[in-house]
Amino acid sequence: MEISQIIPHIEVLIFASEKPLTSLDIVELINNTFGFLEERVTLDQVEAAIQGICEKYQSEFYPFEVRESGGGWQFLTKKDYHKTIAQLNGDKFLKRLSNAALETLAIIAYKQPITKGEIESIRGVNSDYSIQKLLEKELILISGRNEQMPGKPLVYATSKNFMDYFGINSPEDLPKIKEVLAEQIVEGTVIRPEDFTDQPVADALTEETNHEEPVIDGDTSLLTVNEDGELIIQGEETEENNESSDSDHDSTTDEENPSDENQQ
């Protein structure tokens, strides 16, 4: 069967269905309709037909489109017309979830399957009311019991209505935590004199730094500090002491040995 022949059947199935239809659902429904025994519609044919349908309704001529949402294919109104159809649905369309319900729903979506006790340990408050409201709206469901925990508490998970409500196909399509809360790297600020002074002052500081006393290389054991806090190199100190001793010796010699003129 040609793809052009099955496209109208796929369109009417998606349009009439109350829930999203997967490609496999469509294959089964079309084959049941025609009852083919020899030539049956294949999954590849249906997917190719759906691709053509999506491209067809992307045209600006149509106010709706075919999109994969809630785990299957649906006819959905384009965003430009949301305010228009909101008038038909009234408060039901505009009603939003409370902050507490959104917090609870987010925890379930990212941690599912999860128990009520685990939800409350994360939120730090009682979550009975929020869970009840989410169950009423069919955004979450009871997926079973945790057999490993005392009392075997109920565990909760998101439903297909949740995926349809947020326009995703599976929980894996949710944004990653790293994308929502991007890591912020704080780097230290490098402070330079030229950032806070005029260039002449910065040049003067640089020149002054360049004229500082050179660092002494070699054996630092020859360095000492005298009583006045001055840095003394022992070799120089010895030379100075020798000069001082020679001076004192000459002075003493002159005093002890008067000149020949005085002796006469």
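Every value quoted in this text rests on a predicted model; they were computed, and no experiment measured them.

Of the strand pairs in this sheet, strand 1 (residues 64-69) and strand 2 (residues 72-77) are connected by six bridges, and their pairing is antiparallel. Looking at strand 2, one finds that Val66 is bridged to Phe75. If you look at the hairpin formed by strand 1 and strand 2, you'll find two residues sitting between the two strands, and Gly70 has a positive phi there, around 70°.

Where helix 6 (residues 99-111) meets helix 7 (residues 116-123), the axes come as close as 10 Å, and the angle between the chain directions of the two elements is 120°. Relative to helix 7, helix 6 is oriented oblique. Helix 7 is crossed by helix 6, and the crossing has right-handed handedness. Residues Ala100, Glu103, Thr104, Ile107, Ile108 and Lys111 of helix 6 form the contact with helix 7, whose participating residues are Ile119, Ile122 and Arg123. When the residues that make up the contact of helix 6 with helix 7 are grouped by side-chain class, the tally is five nonpolar, one polar and three charged.

Right, let's talk about a nonpolar patch on the surface for a bit. Taken together, the side chains of Leu102, Tyr165 and Phe166 present a nonpolar region at the surface, about 290 Å² in accessible area. Along the chain, Tyr165 turns up in helix 9 (residues 160-166). The class for Tyr165 is partly exposed, based on a relative accessible area of 46%.

Our focus in this paragraph is the sheet that holds strand 4 (residues 140-145). Read across the sheet, three strands follow the order 3-5-4 without closing on themselves; strand pairing throughout is antiparallel. Edge strands, defined here as strands with exactly one partner in the open sheet, are strand 3 (114-115) and strand 4. Note: strand 3 against strand 5 (residues 154-158), two bridges, orientation antiparallel. Its bridge partner lying in strand 5, Ile114 is registered against Tyr156. Running over the sheet, helix 6 touches strand 3, strand 4 and strand 5 and is turned about 90° from strand 5.

Turning our eyes to something else, we now look at the pattern of salt bridges. Tallying each qualifying case throughout the model produces six salt bridges. Put simply, Lys56 and Glu11 hold a salt bridge, and the shortest N to O gap is 3.0 Å. Taken as a pair, Lys56 in helix 3 (residues 43-57) and Glu11 in helix 1 (residues 3-16) lie far apart in primary sequence, 45 residues in all. Glu11 sits in the buried class, given a relative accessible area of 15%. Between Lys152 and Glu147 there is a salt bridge, with its nearest N and O atoms 3.2 Å apart. Residues joined by salt bridges that share partners form a network here, namely Lys116, Glu120 and Asp128.

A few words on unusual backbone geometry. Most of the time, phi is negative for any residue but glycine, and the peptide bond is trans. Here Gln112 and Pro113 are connected by a cis peptide whose omega angle stands at -5°. Mapped onto the elements of the fold, Pro113 is located in the loop between helix 6 and strand 3. Phi at Lys152 is positive, roughly 45°, even though this residue is not glycine. Within the fold, Lys152 resides in the loop between strand 4 and strand 5. Given the relative accessible area of 40%, Lys152 is considered partly exposed.

What counts as what
- Within every chain, residues take consecutive numbers counted from 1 along the sequence as written.
- It should be noted that, the model being predicted, local features are given only for residues of pLDDT at least 70 and side-chain atom pairs only at 80 or more, the latter also being counted only at that level, while totals for whole chains, interfaces and linings use all residues.
- To obtain the side-chain values, all non-hydrogen atoms of the structure were used and water was disregarded.
- Each pair of strands is called paired provided DSSP finds at least two bridges between the two strands.
- In this description a helix means any DSSP run of H or I spanning at least four residues, a strand means any run of E spanning at least two, and both kinds are numbered starting from the N terminus.
- Helix axes use the C-alpha atoms of the stretch in contact, all axes being lines fitted to C-alpha atoms, and the angles between their N-to-C directions lie in the range 0 to 180 degrees.
- In what follows, roughly perpendicular refers to angles from 65 to 115 degrees, roughly parallel to angles under 35, roughly antiparallel to angles over 145, and oblique to any angle outside these ranges.
- The sense of a crossing depends on the near helix, which, turned anticlockwise from the far helix by less than a right angle, makes the crossing left-handed and, turned clockwise, makes it right-handed.
- Whether two residues touch is decided by their heavy atoms; if any such pair falls within 4.5 Å, the residues are in contact.
- We call Asp, Glu, Lys and Arg charged. Ala, Val, Leu, Ile, Met, Phe, Trp, Tyr, Cys and Pro are nonpolar, and the rest, Gly among them, are polar.
- A patch consists of residues whose relative accessible area exceeds 30% and which take part in no salt bridge; residues with like charges are grouped when within 9 Å of each other, and nonpolar side chains (Val, Leu, Ile, Met, Phe, Trp, Tyr) when within 5 Å.
- To measure how exposed things are, a 1.4 Å probe is used in the Shrake-Rupley method; for residues, cover is taken only from the protein chains shown.
- Whenever Lys or Arg places a side-chain nitrogen within 4 Å of a carboxyl oxygen from Asp or Glu, that contact is recorded as a salt bridge.
- Exposure is judged per residue with a 1.4 Å probe applied to protein chains only, and the accessible area is read against the type maximum: over 50% gives exposed, under 20% gives buried, and values in between give partly exposed.

Such coordinate-based values are descriptive only and should not be taken to indicate function.
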